[in-house]
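A look at the structure
This is what each chain is made of:
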Amino acid sequence: MVDVANSAYFHATEHRPKHAITEAENIPLIDLSAKSNLLADIRDASKEWGFFQVVNHGVSQKLRRNIESAAREFFAQSKEEKGKVKRDEANPLGYYDSEHTKNVRDWKEVFDLAVDSPMVMPVSHDPDDKELVELHNRWPGYPPNFREACQEYALEVKNLAFKLLQLISLSLGLPENHLDGFFKDHASFIRINHYPPCPTPDGALGVGPHKDSGGLTILAQDDVGGLEVKRKADGAWIRVEPIPDAYIVNLGAIMQVLSNDIYQSVEHRAAVNSERERFSIGFFFNPAHHVNVEPLRELIHHQNNPAKYRPYNWGKFVATRRRSNFKKLDVQNIQISDFKINAAE
């Protein structure tokens, strides 16, 4: 058993998972084929929860099964084999097993891939450094269908992401395609998560409490479950029970800023257990590196609802956050709160 006092995996007491987790109640489940109340349901879920689950979403069950099967085969390999496609500070795509969330190591291993490769991003977080780099996917030799399974799945979920983006735009009272421009030439990626059984699940987390920094996260989780979200109404941690073939949609920080806090991102975490391994696949829908994120002028009213955030560049934001993936920092990583405008400003 891992020593709690000395382990890099263990969170401060207030952030550790509790035995008594509130079971899911009234978590929004939205049927995307619905003809009535669809926009109202998305608006209510986005305001009250910051996330929702969707069914009848149009993503092929076969393609989802293909990538899930390929992921299990890949992660079942030896650490040496997986390490042949290990990511590094120069290229954050590929396999990794030492990631940190808020400076605490996660109990998981991951494989990251760009939806559109190469993905263009800034070389550094320095705002004066204009150099860009092309990030190319690293593909393992085994299983042989891994690349095809990932690429076919990515295409379908990308289509779902744009569909959701348009519904969210309409739910804000904006034209259907109003947000599409922010995600042209997008820098989206897929993360395949593997959470091995953990001998001390009361102290470690697969992913610590955090809010997603991008636009939308579209998550597929297996039947084991483990995702927990912090309910905005009372701060209670709610276990999101798996629904077969459903997707969980998290609104990221970009949506919070674009909507000027009409919609807000939700804090969430991933619990682990001592008996079963768990898999999940997240599609992180992000804009291109050159996009500047700021509240939409259509949603700003200088008297009643002034802009709550200063503009920030997405590429530099990501480059800054990426620094903590490979080493523990002495300070908390950059957040959108760093761009919050105080009332006195």
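That block above? That's the structure.
Report on the accompanying structure. What you see is a predicted model; the values in this text were computed from it and never measured.

All right, on to the pattern of salt bridges then. Taken as a whole and assessed by the stated rule, the structure comprises 20 salt bridges. In this structure, the salt-bridge partner of Arg65 is Asp245, at a minimum N-O distance of 2.6 Å. Highlighted residues: Arg65 in helix α2 (residues 61–75) and Asp245 in the loop between β13 (237–239) and β14 (247–251), separated in sequence by 180 residues. A relative accessible area of 38% places Arg65 in the partly exposed class. One salt-bridge network, in which partners are shared between bridges, spans Arg64, Arg65, Glu68 and Asp245.

Let us now look at α2. A rise of 1.5 Å per residue sets the reference length of α2, with its 15 residues, at 21 Å; its end C-alpha atoms lie 21 Å apart and thus fit the reference within 8%. Buried within α2 we find Leu63, Arg64, Ile67, Ala70, Ala71, Phe74 and Phe75. Down the axis of α2, the sector holding all buried residues measures 130 degrees, keeping them to one side. Here α2 starts with a cap whose side-chain oxygen sits 3.2 Å from the backbone nitrogen of Lys62, and that cap is Ser60.

Put simply, helix α1 (residues 38–48) and helix α4 (residues 146–171) touch, their axes get as near as 9 Å, and they point 85 degrees apart. As the angle between them shows, α1 and α4 are arranged roughly perpendicular. On α4, the residues touching Leu38, Leu39, Ile42 and Arg43 of α1 are Leu167, Ile168, Leu170 and Ser171. A breakdown of the residues in the contact of α1 with α4 according to their chemical character gives 6 nonpolar, 1 polar and 1 charged.

Before going further, it helps to spend a moment on the packing of aromatic side chains. All told, the structure shown has 17 aromatic pairs when counted by the stated rule. Each ring, one from Trp49 and one from Phe51, has its centre 5.8 Å from the other, and the planes form 75 degrees; the classification is edge-to-face. A relative accessible area of 0% places Phe51 in the buried class. Ring geometry for Phe74 against Phe111: centres 5.3 Å apart, planes inclined by 70 degrees, an arrangement best described as edge-to-face.

This part covers the sheet that holds strand β9 (residues 189–195). Taken together, 8 strands build an open sheet; the order of strands is β1-β2-β14-β11-β16-β9-β6-β3 and the sheet is mixed. For this open sheet the edge positions go to β1 (29–31) and β3 (94–96), each flanked by a neighbour on one side alone. For this sheet, the mean angle separating the axes of adjacent strands, direction not counted, is 25 degrees. Summarising the sheet, β9 and strand β16 (residues 278–285) pair through 7 bridges and their orientation is antiparallel. The partner of Ile190 across the bridge, within β16, is Phe283. Sitting on the sheet, α2 is in contact with β3, β6 (109–114), β9, β11 (216–221), β14 and β16, with an inclination near 120 degrees to β16.

Scoring rules and cut-offs
- Residues numbered from 1 in each chain as written.
- Predicted model: local features only at pLDDT ≥ 70, side-chain atom pairs only at ≥ 80, totals over all residues.
- Heavy atoms only, no water.
- Salt bridge = Lys/Arg side-chain N within 4 Å of Asp/Glu carboxyl O.
- Helix = DSSP H or I, 4+ residues; strand = E, 2+ residues; numbered from the N terminus.
- Buried < 20%, exposed > 50% of the residue type's maximum accessible area, 1.4 Å probe, protein only.
- Expected span 1.5 Å × (residues − 1).
- Arc of directions from axis to C-beta.
- Polar contact = N/O pair within 3.5 Å; in protein donor to acceptor, adjacent residues only side chain to side chain.
- Axes fitted to C-alpha atoms, helices over the stretch in contact; angles between N-to-C directions.
- Parallel < 35°, antiparallel > 145°, perpendicular 65-115°, else oblique.
- Contact = heavy atoms within 4.5 Å.
- Nonpolar A, V, L, I, M, F, W, Y, C, P; charged D, E, K, R; others polar.
- Phe/Tyr/Trp six-rings, centres within 6.5 Å; stacked < 30°, edge-to-face > 60°.
- Pairing = 2+ DSSP bridges.

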